[in-house]
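# Structural characterization, general
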Amino acid sequence: MNYSKKIDAKWQEKWKKENLYKYNPNGEGKKFYTMEMFSYPSGAKLHLGHWFNYAPSDSYARFKKMQGYNVFHPMGFDAFGLPAENYAIKTGIHPEDSTLKNIETMKMQLDEMGGSYDWDYSVQTCMPDYYKWTQWIFVKLYEAGLAYKKEAPVNWCNSCKTVLANEQVINGQCERCGTAVERKKLAQWFFKITKYAQELLDGLDTLDWPESTKKVQINWIGRSEGSEVTFKGETGDYEFNVFTTRVDTINGVTYVVVAPESELVQKITTPEQKEEVDKYIKETAKLNEIDRLSTERPKTGVFTGAYVINPVNGNKVPVWIADYVLEDYGTGAVMAVPAHDTRDYAFAQKYNLPIKKVIDSADGQEITLPFTEKGILVESGKYNGLTSEEAKNKITEDLAAKGEGKKSINYRLKDWLVSRQRYWGAPIPIIYCDKCGTVVVPEKDLPVLLPYDVEFKPDGESPLKKSQEFMNCTCPKCGGPATREADTLDTFVCSSWYELRYPDAKNSEKAFERETINKLAPIDTYIGGKEHAAMHLIYVRFMTKVLRDLGYLDFDEPFKKLIHQGMILGPDGNKMSKSKGNTVSPEEYIEKYGSDIFRMYIMFGFDYRQGGPWDEKGIDSMVRYFSRIERLIEQVLTLKNAKTDMNIGPKEKELLRVKNQTIKSMGEDINNFQFNTAIARSMELLNKINEYIRESKQLNEKIVLETVETYMKLLAPLAPHFAEEQWEKLSKTESIHKQKWPEINKQEMDGGTKDIPVQVNGKLKLCVTVDADMSPEDILKKIKETPKVIEILENNKIKKEIYVPGKIYNLVVEK
RNA sequence: GCCGAUGUGGCGGAAUUGGUAGACGCACUGGAUUCAAAAUCCAGCGGGAAACCAUGUGGGUUCGAGUCCCACCAUCGGUACCA
């Protein structure tokens, strides 16, 4: 075989010289913006996962280009974040140094892969020319009231003296030292994503996304309709609301539960119960993370000593606190109906609280408690006999009339906590002044540069706090001495708008030009792992809507179509990991075989959306395929100057039919990210060409040549270097990547022959071969003239005859 | 528990969306070539002697089901007391 890494290098150099992948915003063709989720440059090299995401996606972009679109296919780096910082803590190598070095290596490797990127349109989120605009976005959100600061519980490791991100909490323990993580309240910055909860939910309908991913977002947003009901203290000096989706069960309330963290608790607890309540609050704060992982954990709680009045029936019920009630959902307080809620039931049993049944089954059947389904109201005074749905409306109406309740919608979605007490991130552009309070950094002073020389070993404080140079500043309002915010932004903020920056990556005046992005957006195809279904993909949607409302762009959703690639597992079927020793490195394969063979194998051996365990035996099959192609080209070259023979017989027709069929199905397959079948189809075409050459006594050389040229074009997006090399051998001077995707000749495609199956009672009996271009009527005629069919018709009593024109013929006979 | 995905030969995986199940490839078997081997080429390759039986299991709808409906099983992901 001639193909090797050398050929890759030869063409990469040439393409670079010719600026083959230069993006022209005013280029011909309809715009097509396709991108993959950019990568985090944590390791020094591209791993198999990168390859599996990027190589097929690149083939897709190349295909779209051949189809005549003006393709924009950028790539960048999500360069801020914890791994680099942790690596720095471990090795002493500064995050900036390691990150920039990794980016250079990865860029080089992406080029070696044959990626069709234009690096003039790229972003690196850790560079000031990018994070200046991340900060600018923060400023805009702050000015719009969409960024705010408040006390919030964070994950705290008391041994590392640091705040941990949720991802760093493994089974309730610190990922680094294994210490149990505590909840601690700290002042944190938030983005008001909850304001967009409903729109984020509604927008999903308009998107061409996998249903499962939409479902994840629906659950994440967690809309729930119900009622808010006011319970007043028996003494009348306080009141609070509970949220419930089952207000129809309100007559069955036997107690009320408040979250232990709720401020209300201090207010209502009686002196006698104070000691017990305080002790319980302390315990929950400590045990929280670990214990909340277990739903099997027995419910615990304590009585506050307080009583409240049920606004519907005037009953006096006790108020408890229990950690199964969460502070930050609903109102942080619930009405407990043990007869009709499993959690309340368990709790009531444990603490001997009364259980009162108020719902019966609608069909009169015997029920067992807790009965959580809807039914008919009983023991509910004037509401007796109503269905649950009727009662919900009626009771809420009655309460509303008295000002003691209302309809209410709750979302599970919480505001987005964006501050991190970490070094390697974009500084939050906020200044604290004794005189003026919280002041946002004016646009002209951006970016707030991240200082290089900082002690970033964790000790419980934001590393930036230790840099006097950074912290001390002057107030932009009064000019007096002031201090900077020491926290940095969550990296998800950086990645929540990068697709807007790509087309304008070098704009020093604006984050992005409105006209430009309006023209290119939304992204036609976004490709990346489904692990981002909830976080990243919601944040980008949120940011798009915010920037739209602030007038910076004119579309509602960032990503029209979303594709998730699968995951390549280790040869043992497990997730690849260094500790399991089942990792596979692309490098040695590229070195040995060249990048196209690796790319083609990756695409051929797996379902793109599914992935699967790595199996290197498959690579040899691809080597074989490439050699067969090379041999075909050599063979064809001997024909080049031969005379052409214009005879078009059945064999030629058949070859032309397969050629056109291949153009069609490969186009459809690549468009659907079904690279495995696209390559299978290309193999079929090769087999057909070989068969034709082998079996023809008189070759129609013109047809062979044309078919081979078409074949190379079909291969061009899938094996860019290899196809270009063969193209050159065929004495072509213009790059194959400037060629158009071949057109289908309908007439040729419908030529040749096809087999029509003949069934008896739905079971295949024989096939009748007909000319593919025959009319359905003639096909039926031919079928009926077939001796075997005549025999069946004569020997059986035919009850029914089904003929799907040109597809299938089925006879129903009496048995 | 809830939500989601998947289940087809020895293996990776196909089936135009209700119409020839197993495309394409790997592995395997036989043959050609070779002194021999590798490579290559050709042929075969779900089970069964056959009728037939076969797409996780059991039902159903249909002329016809891998595909649609009902019930269940298994595996893998996600999620975690959301009132």
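I will try to describe carefully the structure that is included in this document. (Residues numbered from 1 in each chain as written. Chains lettered and ligands numbered in written order. Predicted model: local features only at pLDDT ≥ 70, side-chain atom pairs only at ≥ 80, totals over all residues. Heavy atoms only, no water.)

### Comments concerning helix H5 (residues 128–143)
Where we set the bar: Secondary structure elements follow DSSP: runs of H or I of four or more residues count as helices, runs of E of two or more count as strands, with numbering from the N terminus. Expected span, for any helix, means 1.5 Å times one less than how many residues it has. The buried label goes to any residue with under 20% of its type's maximum accessible area, the exposed label to any with over 50%, and the partly exposed label to all in between, with areas taken from a 1.4 Å probe on protein chains only.
Taking 1.5 Å per residue as the helical rise, H5 with its 16 residues ought to reach 22 Å, and the 22 Å between its terminal C-alpha atoms agrees with that figure. Residues of H5 that are buried: Tyr130, Tyr131, Lys132, Trp133, Thr134, Gln135, Trp136, Ile137, Phe138, Val139, Lys140 and Leu141. One or two steps after H5, the chain reaches Gly145, where phi turns positive at roughly 75°.

### Some details on the protein's contact with RNA strand B
Applicable threshold: Definition of nearness: a residue and a molecule or strand are near each other if at least one heavy atom of the residue lies within 4 Å of the molecule or strand. In the analysis that follows, any N or O atom pair within 3.5 Å is treated as a polar contact, provided that within protein one partner can donate a hydrogen and the other can accept it, and provided that, for residues neighboring in sequence, both atoms belong to side chains. For this classification, the nonpolar set comprises Ala, Val, Leu, Ile, Met, Phe, Trp, Tyr, Cys and Pro, the charged set comprises Asp, Glu, Lys and Arg, and every other residue, Gly included, is treated as polar.
Around RNA strand B lies a shell of 48 residues, among which Thr245, Arg297, Lys299, Arg343 and Asn810 are the nearest. A distance of 3.3 Å separates a phosphate oxygen of RNA strand B from a polar atom in the side chain of Asn687. No other element matches the 8 residues that helix H21 (residues 675–695) contributes to the surface near RNA strand B. Residues belonging to the surface near RNA strand B are distributed by class as follows: 15 nonpolar, 15 polar and 18 charged.

### Here we look at the sheet that holds strand E25 (residues 559–563)
To be explicit about the condition: In this analysis, strands are considered paired if DSSP registers two or more bridges between them. The axes are straight lines fitted to the C-alpha atoms, using for helices just the contacting stretch, and the angles between their N-to-C directions are given from 0 to 180°. Here, residues are in contact when the closest pair of their heavy atoms is within 4.5 Å.
Strand order across the open sheet formed by 4 strands is E2-E1-E24-E25, with parallel pairing between neighbours. Strands at the two margins of the open sheet, each flanked by one partner only, are strand E2 (70–72) and E25. Averaged over all pairs of adjacent strands, the angle between their axes in this sheet comes to 25°, without regard to strand direction. Judged from the 3 bridges that link them, strand E1 (residues 31–36) and strand E24 (residues 523–527) form a sheet pairing that is parallel. Its bridge partner lying in E24, Met35 is registered against Tyr526. Helix-sheet contacts for helix H2 (residues 48–66) involve E1, E2 and E24, and the interaxial angle to E1 is about 175°.

### A closer look at the packing of aromatic side chains
Definition in use: Two rings from Phe, Tyr or Trp (for Trp, the six-membered ring) form a pair when their centres sit within 6.5 Å of each other. Planes less than 30 degrees apart are called stacked, planes more than 60 degrees apart edge-to-face, and all others tilted. Only when the NZ atom of a Lys or the CZ atom of an Arg is both within 6 Å of the ring centre and within 35 degrees of the ring normal do we say a charge sits over the ring.
The final tally for this structure, using the stated rule, is 53 aromatic pairs. Seen from their ring centres, Phe626 and Phe722 are 4.2 Å apart, and the 40° between their planes marks the pair as tilted. In this pair, Phe626 sits in helix H19 (residues 617–637) while Phe722 sits in helix H23 (residues 720–729), placing the two residues 96 residues apart along the sequence. On the accessibility criterion, Phe626 (0% relative accessible area) is buried. On the basis of relative accessibility, which here comes to 1%, the residue Phe722 falls in the buried class. Lying across the ring of Trp220, Arg412 places its NZ or CZ 6.0 Å from the centre. Residue placement shows Arg484 over the ring face of Phe470; its charged tip is 5.7 Å from the ring centre.

### Details of the side chain of Asp524
Residue placement: Asp524 occurs in strand E24. For Asp524, a relative accessible area of 10% gives the class buried. Here the side chain of Asp524 touches Lys31 through a polar contact of 2.8 Å, side chain to side chain. Among residues more than four places away in sequence, those in contact with Asp524 are Lys31, Phe32, Tyr33, Lys560 and Lys561.

### Things to note about the pairing of strand E12 (residues 316–322)
Where burial is concerned, most of E12 is hidden: 6 out of the 7 residues are buried. Pairing analysis gives 3 bridges linking strand E10 (residues 255–258) to E12, with the strands arranged parallel. In the strand pairing of E12, Val257 is matched with Trp320. Taken together, the 6 bridges between strand E11 (residues 301–309) and E12 define a ladder with antiparallel strand orientation. Bridge pairing in E12 places Phe303 opposite Trp320.

### Quick word on the sheet that holds strand E28 (residues 753–760)
Read across the open sheet, the 4 strands follow the order E29-E28-E31-E30; overall the sheet is mixed. The open sheet is flanked by strand E29 (763–771) and strand E30 (798–804), the only strands paired with a single partner. The average angle at which neighbouring strand axes cross in this sheet is 15°, direction not considered. Here 3 bridges tie E28 to strand E31 (residues 808–813), and the two strands are oriented parallel to one another. Within the sheet, the bridge partner assigned to Val760 lies in E31 and is Leu811.

### Concerning the state of the cysteines
Note on terminology: a disulfide is the covalent bond linking the sulfur atoms of two cysteines. To keep things clear, this is the line we draw: In this description, the term disulfide denotes a pair of cysteine sulfurs within 2.5 Å.
As enumerated under the stated definition, the model contains 0 disulfides in all. The thiol sulfur of Cys433 is not disulfide-bonded, and the nearest other cysteine sulfur, from Cys478, lies at 3.6 Å. Accessibility expressed as a relative area gives 6% for Cys433, which makes it buried.

### Concerning helix H18 (residues 595–605)
Of all 11 residues that make up H18, 9 are buried, and the element is covered over most of its length. Among the residues of H18, Ser595, Asp596, Ile597, Phe598, Arg599, Met600, Tyr601, Ile602 and Met603 are the ones counted as buried.

### Here we look at the side chain of Glu654
Of note, Glu654 is situated in helix H20 (residues 650–671). Owing to a relative accessible area of 16%, Glu654 belongs among the buried residues under this scheme. Not counting residues up to four positions away in its chain, the partners in contact with Glu654 are Lys688, Gly752 and Thr753.

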